[in-house]
Amino acid sequence: MFKWFPEIVFPSQLRAAGVLGMNARNYDIIAHNNKRRLYPLVDDKVQTKALANKIGINTPRLIGVIEVQNKVDNFLELVKNFDEFVIKPAHGSGGKGVLVIKKYTDKEFVTASEKVLSYNEVYQHISNILSGLYSLGGQYDVAIIEEMVHFSNQFQDYSFQGIPDVRVIVYQGYPAMAMMRLATRESSGRANLHQGAVGVGIDIQTGKAISAVQHNRPISIHPDTGANLMGLQVPLWREHLEIAVKGYDMTGLGYLGADIVLDKFRGPMMLELNARPGLAIQIANNRGIRNILKNIHNNYPRGLDWEERLNYVLGVAKS
Amino acid sequence: MLHKLKSVRILLSIGLLLSIIITAYSAYYKIKYWGFNLTPKQKTAVWTVEAHVSFTPTGENIKVSIARPSPSKEFKVLNEDVLAKNYDISETNERILLSSPAHRKRQNIYYRVLLYDNIEGRGKTPAEEPDKIIQPILDEQSLNVANQILEMSETQKGDTVQKIIHLFNQTPPDETVQSFMPERSSDKDTAEVIINLLALKNISARMVRGIKLLEEKKTFVPDIMIEAYMDKMWKIYDIYSGKKGLPDDFVIFQRGGQSMFDVTGGQNSSIKYSVMKSLRSSFNLAGHRAKLANQSENFGYSIYSLPLNQQNAIKWLMIFPLAILVVVIMRNVIGISTMGTFTPMLIAMSLVETGFWSGLICFSLIIGIGVIIRAALSKLNLLLVPRISAVVILVILIIQILAVIGYNWDWSIASSALFFPIIITAWIIERASITWEEEGSINAIKQIIYSILVAIVTYFVIVNDYIRHIMFAFNELNLVILFIVMLLGTYTGYRFTELMRFASLAQKEK
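Residues numbered from 1 in each chain as written. Chains lettered and ligands numbered in written order. Predicted model: local features only at pLDDT ≥ 70, side-chain atom pairs only at ≥ 80, totals over all residues.

Draft legend 1. Up close: the overall build of chain A. A tally of helices and strands in chain A yields 10 helices and 13 strands. The 319 residues of chain A split such that 47% are buried. For chain A, the share of sequence-separated contacts (at least 6 apart) that also reach a separation of at least 24 residues comes to 61%. (Helix = DSSP H or I, 4+ residues; strand = E, 2+ residues; numbered from the N terminus. Buried ≥ 20, exposed ≤ 12 C-beta atoms within 10 Å, placed from the backbone. Contact = placed C-beta atoms within 7 Å.)

Draft legend 2. Examining the overall build of chain B more closely. Assigned secondary structure in chain B consists of 18 helices and 13 strands. Taken over 510 residues, chain B has a buried fraction of 30%. Looking at chain B alone, contacts between residues at least 24 apart form 75% of all its contacts between residues at least 6 apart.

Draft legend 3. Local environment of the packing of helix H3 (residues 160-168) of chain B against helix H5 (residues 187-200) of chain B. All names here are of chain B. Their axes nearest at 11 Å, the elements H3 and H5 cross at an angle of 140°. When the interaxial angle is binned, H3 and H5 end up oblique. Note that H3 runs across H5; the crossing there is right-handed. Where H3 abuts H5, its residues Val161, Ile164, Ile165 and Phe168 lie against Thr190, Ile194, Leu197 and Leu198. Its residues assigned to classes, the contact of H3 with H5 comprises 7 nonpolar, 1 polar and no charged. (Axes fitted to C-alpha atoms, helices over the stretch in contact; angles between N-to-C directions. Parallel < 35°, antiparallel > 145°, perpendicular 65-115°, else oblique. Left-handed = near helix turned anticlockwise from the far one by under 90°. Nonpolar A, V, L, I, M, F, W, Y, C, P; charged D, E, K, R; others polar.)

Draft legend 4. Fine view of the nonpolar core. The biggest cluster of nonpolar side chains holds 73 residues, and the ones touching the most others in it are A:Leu14, A:Val168, A:Val170, A:Ala176, A:Val200, A:Ala258 and A:Ile260. Residues within four places of A:Val168 in sequence aside, it is in contact with A:Pro175, A:Ala178, A:His240, A:Leu241, A:Ala244, A:Ala258 and A:Ile260. B:Trp47, B:Val64, B:Ile109 and B:Phe261 belong to the second-largest nonpolar core, a separate cluster that totals 51 residues. (Core = buried A, V, L, I, M, F, W, Y, C linked by C-beta atoms within 7 Å.)

Draft legend 5. Representation of the pairing of strand E7 (residues 204-212) of chain B in the model. All names here are of chain B. As paired strands, E7 and strand E9 (residues 223-230) are joined by 7 bridges and run antiparallel to one another. The partner of Ala205 across the bridge, within E9, is Ala228. In this structure, E7 lies alongside strand E11 (residues 250-255), joined through 5 bridges in antiparallel fashion. Note that in E11 the partner of Lys212 across the bridge is Phe250. (Pairing = 2+ DSSP bridges.)

Draft legend 6. Representation of the environment of B:Ile211 within the structure. All names here are of chain B. Relative to the elements of secondary structure, Ile211 occurs in strand E7. Along the chain, Ile211 and Val251 lie 40 residues apart, while their C-alpha atoms are 5.3 Å from each other. When near neighbours in sequence (up to four residues on either side) are disregarded, Ile211 contacts Val49, Pro222, Asp223, Val251, Phe253, Tyr273 and Val275.

Draft legend 7. The arrangement of helix H12 (residues 384-408) of chain B in detail. Residues and elements named next belong to chain B. An ideal rise of 1.5 Å per residue puts 36 Å on 25 residues; H12 measures up with 36 Å between its terminal C-alpha atoms. Burial in H12 covers these residues: Arg387, Ile388, Val391, Val395, Ile398, Ile399 and Leu402. The inward-facing, buried residues of H12 abut helix H11 (356-378), helix H13 (412-415) and helix H14 (422-462). Asp410 lies just past H12 and shows a positive phi near 55°. (Expected span 1.5 Å × (residues − 1).)

Draft legend 8. Highlighting the interface of chain B and chain A. Opposite the 25 residues of chain B that make contact, chain A presents 34 residues. Elements that contribute at least two residues to the side of chain B that touches chain A include exactly H12, H14, helix H17 (498-501) and helix H18 (503-507) of chain B. Its residues placed into classes, the side of chain B that touches chain A shows 12 nonpolar, 7 polar and 6 charged.

Draft legend 9. Geometry of the sheet that holds strand E6 (residues 143-146) of chain A. All names here are of chain A. Read from one edge to the other, the open sheet built from 6 strands follows the order E1-E6-E2-E3-E4-E5, with strand pairing classed as antiparallel. In this open sheet, the two strands that pair with only one neighbour each are strand E1 (62-66) and strand E5 (116-118). Strand-to-strand twist of the sheet, defined as the mean angle between neighbouring strand axes without regard to direction, takes the value 30°. Where strand E3 (residues 99-104) meets strand E4 (residues 108-111), 3 bridges bridge the pair, whose relative direction is antiparallel.

Draft legend 10. Expanded view of the environment of A:Pro235. All names here are of chain A. Inspection of the secondary structure assignment puts Pro235 in the loop between strand E11 (217-218) and helix H7 (237-251). Once the C-alpha coordinates of Pro235 and Ser152 are considered, the two residues, 83 residues apart in sequence, prove to be 10.0 Å apart. Ignoring anything within four residues of it in the chain, the contact list for Pro235 reads Gln154 and Leu262.

Draft legend 11. Examining the sheet that holds strand E2 (residues 62-67) of chain B more closely. Residues and elements named next belong to chain B. The 4 strands lie next to each other as E4-E5-E2-E12, forming an open sheet whose pairing is antiparallel. Of all strands in the sheet, those bounded by a partner on one side alone are strand E4 (88-91) and strand E12 (261-264). Ignoring which end each strand starts from, the neighbouring axes of this sheet average 15° apart. Sheet topology note: the E2/E12 ladder contains 4 bridges and is antiparallel. Pairing of Ser65 across the sheet is with Asp262, part of E12.

Draft legend 12. Region of interest: the confidence of the model for chain B. Residue and element names in this part refer to chain B. On average, residues of chain B carry a pLDDT of 79, and 87% of them reach 70 or more. Taken element by element, the predicted model of chain B shows its lowest mean pLDDT in helix H6 (residues 282-292) (64) and its highest in helix H16 (residues 477-488) (93). Under a pLDDT of 50 for its full length, residues 120-124 has, in the predicted model, 4 contacts with residues more than four places off or in other chains. Complex prediction metrics read pTM 0.67 and ipTM 0.81. (pLDDT = per-residue confidence, 0-100.)

Draft legend 13. Geometry of unusual backbone geometry. A positive phi angle is found at A:His215, which is not glycine, with a value near 50°. Its location among the elements puts A:His215 in the loop between strand E10 (209-214) and E11. Even without being glycine, B:Asn268 reaches a positive phi, approximately 50°. Along the polypeptide, B:Asn268 turns up in strand E13 (residues 266-281). B:Asn268 sits in the exposed class, given 10 other C-beta atoms within 10 Å.

Draft legend 14. Geometry of the environment of B:Ala403. Residues and elements named next belong to chain B. Looking at where Ala403 falls in the secondary structure, it is placed in helix H12. A tally of 15 C-beta atoms within 10 Å means that Ala403 is categorised as partly exposed. C-alpha of Ala403 to C-alpha of Ser416: the two residues are 13 residues apart in sequence and 7.2 Å apart in space. In contact with Ala403, not counting residues within four places along its chain, are Ala414, Ser415, Ala417 and Leu418.

This is the structure:
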């Protein structure tokens, strides 16, 4: 996993491959497409959820919000009708501070990765969220408690412990690139690529796997489950894209990343939107995103509603 | 989109160009009028030469004249003053004139001059035409000896003047030469004889009196050199070694046969010279230089006219922009992510105070101990703000203990603990342990190593005396850095680390 002599290429080679670098992402793409004042819409998950529900995007159902320290003790009261729940910071990013409880009593809480926590530890976790430990910039935060997503059986073989999610980059309203992130033992159930999760590039038109990487190196089978990654097909692909495309109408962000999970019972649900989606998706797709974005900017029609845009993107493949 | 980017870049590039021009001009100005150096030669020697004239009045009106160093030649005169009660003081280019009615008691007059090296003026002694050569009047025997000596001198090395000087400084002394010299000859006598011999050869020569600058020197006689007019130039010679050229440490008070001081209306007069050397920072002298160059108005509004402690604070501040530039390059061009944007810069600044190795070891020690204790703290499940506060206090305690240990064991590594920014250190510990818990030990250690790496690079840029001097002396450079930083803000190319990160993508294009 650690290479002593990392390979180095010339900038011209990356330019030829249409790779988008971090500086160009920040300067050319984000600064020109995402207005600063729109950020709170996606940075605050309470707002995002409310907006999503208004526009008709499925999200994990909200159980409750804990806003102040002296309400932390109430959390058992909030979840009393639920067998399982998720605690997350409203201003978190990259899955930081997310605690999934799949079984619990008054004293013991079992997490998704089978860790057993005491009441005090869960209390502590919520209180950490409130003091801003996981929020961007460390400001005070609120804790969201929501329903747990039920891992769809279809992905059983593809992920170790954690829930796989689909990340779609939406540029000026059109889905540009997609990948699926699969947790591994090494990533300890998380879907973060830099922690060792597997990234699978997904074809925008078909929802089929194109390529897969772990630690920036191509692989074809899941390192823990041994599943053939190239056989991966995201079910309900159109519905996935629908959420992503609607995310644009919902926020007005020209460049955004939509994180979508597939629930066994409720279908694709939006987990969160990201105004500064990372660039690893290019590695998972084994393809630069720059020319795709340029093509969308120059050639795709303006002023369509979400359905027309979705049809347009899916239609490009057929024609 | 692209069009806007271009116009921003053009604007910033124009700004950069202008700032370079401004900086270049002001550097020229500061070097020319304020005497700034490009190298950190921080101290300039200032020599204080004091001539103490004393005499007993005879009861007549008193007139005293003292030779003074001619200004704007080899040395610049920083300050000049005369301590003489009840005297009228006037001055000419070459002499200080004092006059007063008669006094009774023994008189003491002090003339003090503060000199410093005039780099620009060195070696540019103007060559005025010499007067007609006065041939010495010698009897026949002496003339014969003189001619004999001149003949003998032909065997010596050097030019005509040097040949004669060498002849007079032979060991053991030549008998013929000795016979030509008065018994117990002084420097002055030697010089006079040499000048006479040169006159026989039709070379115009004169005595040069001055003071050789030696620390704590006290003397009753001025030092003497010889100047000869050859090839339409006055050339100066040491009367012992025959070495040509004015030594660095010789201040000329007077040229030609005139005395160093004259007293009329007094007897038993004597003059005593004392020399004192003091070092002053060249920035201190800059004000005086500016005054001499009639540029003091601009100087008054520069940072160099501030009190010294404020200047030192500013000198420290002037390093920041450069350190910031390093951070910007490391992040946006190289692409190394660190804990906190400016944390490495602050660590580097501390390293400057502590010294590199002791600082680095000490810092690692603090972080190490801190992370271990923080790991124990996390078991207590404290709230965030009290917990980070606890870490801050812990850091302070660790620093205290290290300082005490360092003092008692005379261990400078531990003593340097005092220089690290406490809050920053605490945050590094906090972040490190959170990263450790959340993303694993490898990521945490990686981040710390990257931060320290950037700190080390920054350190080596800012620790350089030369760079610090340049940044302070030519502070307009910060304007240049400002525009470079802003231009980097429009850099949309790949970061160096991305050339590795995305290497797999480039391959298939081949």
